[in-house]
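Observations on the model geometry
Spelled out, the chains give:
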Amino acid sequence: MTRKEAREAVFSLLFETDFRKDATPEEVFDGAIELRELETDEYVKSAYFGAVERMPFADELIEKYSRGWKIARIAPVSRATMRLAVYEMYFRDDVPDNVAVNEAIELIKKYDDAEKARPFVNGILNSILRAKK
């Protein structure tokens, strides 16, 4: 599994977690492996559970730099993508910050056809990145 494929798997798990409020992250993860035959590796497992654990941190940053948008109003694809990117920027030493942002934009291009989604996500993540430095 390539890192790009692994990142896409984590994105799909975070997206699903957003909709399955009745399920624990472990149930979402195990169900995806069993029902969707999700291929996993160490990155998928650690990034998914790490991103879920640090979701309040990511959501706070996303809200801060989205200029008045509450996290609940942001489209689920954008929300999951940004949560993963923030997790990678702040908690993964093996992912350069600019790679986290670029890969988030690639996910948006693939999964969200809304015209304004890409610049919206790009603007927020670049603001977070500038503030981090």
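Going by the structure above, here's the rest.
In this report, the structure presented in the accompanying data block is examined. Here the residue index of a chain counts from 1 through its sequence in written order. Only residues with pLDDT of at least 70 are given local features in this predicted model, and only at 80 or more are side-chain atom pairs given and counted; all residues enter the totals for whole chains, interfaces and linings. As a rule here, side-chain values cover all heavy atoms of the structure and leave hydrogens and water aside.

Helix and strand definitions here come from DSSP, where helices need a minimum of 4 consecutive H or I residues and strands a minimum of 2 consecutive E residues; each element is numbered from the N-terminal end. Of regular secondary structure, the protein possesses 7 helices and 0 strands. With respect to the principal axes defined by its C-alpha atoms, the protein has extents near 40 × 30 × 25 Å. Sequence-distant contacts in the protein: of pairs separated by 6 or more residues, those separated by 24 or more amount to 70%. Every accessible area reported is derived by Shrake-Rupley at a probe size of 1.4 Å, with residue values counting cover from the shown protein chains alone. Summed over all atoms, the accessible surface of the protein reaches about 7,400 Å², with 50% contributed by carbon and sulfur. Working convention for charge: Lys and Arg count positive, Asp and Glu count negative, and His plus the chain ends are omitted. Charged side chains are reduced to one point each, which is NZ for Lys, CZ for Arg, CG for Asp and CD for Glu. Seen as two clouds, the 22 positive and the 26 negative side-chain charges of the protein have centres 8 Å apart. Note on definitions: a residue-residue contact is assigned when non-hydrogen atoms from the two residues lie within 4.5 Å.

Despite not being glycine, Glu37 has its phi angle at roughly 55°, a positive value. A relative accessible area of 67% places Glu37 in the exposed class. Phi is positive for Arg67, close to 50°, though the residue is something other than glycine. By the secondary structure assignment, Arg67 is in the loop between helix H4 (55-65) and helix H5 (76-91). Residue exposure (1.4 Å probe, protein chains only): buried if accessible area is under 20% of the type maximum, exposed if over 50%, otherwise partly exposed.

We now examine H4. Given 3.6 residues per turn, any residue in an α-helix points the same way as the ones three and four places further on. Taken residue by residue, H4 has Met55, Ala58, Asp59, Leu61 and Ile62 as its buried positions. Down the axis of H4, the sector holding all buried residues measures 165°, keeping them to one side. Facing away from the buried side of H4 by more than 90 degrees, the exposed set consists of Pro56, Glu60 and Lys64. Looking one or two residues beyond H4, the residue adopting positive phi is Arg67, at roughly 50°. Working note: the arc is built from the helix axis to C-beta atom directions.

Below, the discussion takes up the pattern of salt bridges. Side-chain pairing between opposite charges can occur once the charged atoms of the two side chains come close. Counted as salt bridges are all cases of a side-chain nitrogen of Lys or Arg within 4 Å of a carboxyl oxygen of Asp or Glu. The tally for this structure, following the rule as stated, stands at 14 salt bridges. When the shortest N-O distance is used, the salt bridge between Lys4 and Glu103 registers 2.9 Å. Taken together, the residues Lys4 in helix H1 (residues 3-19) and Glu103 in helix H6 (residues 97-111) connect sequence positions 99 residues apart. In this structure, a network of salt bridges that share partners links the residues Asp18, Lys21, Asp59, Arg79 and Arg83.

This paragraph deals with the environment of Pro25. Counting through the fold element by element, Pro25 comes out in helix H2 (residues 25-35). Taking the C-alpha atoms as reference points, Pro25 and Tyr48, 23 residues apart in sequence, are found 8.6 Å from one another. Here Pro25 is in contact with Tyr48, Phe49 and Val52, once residues within four sequence places are set aside.

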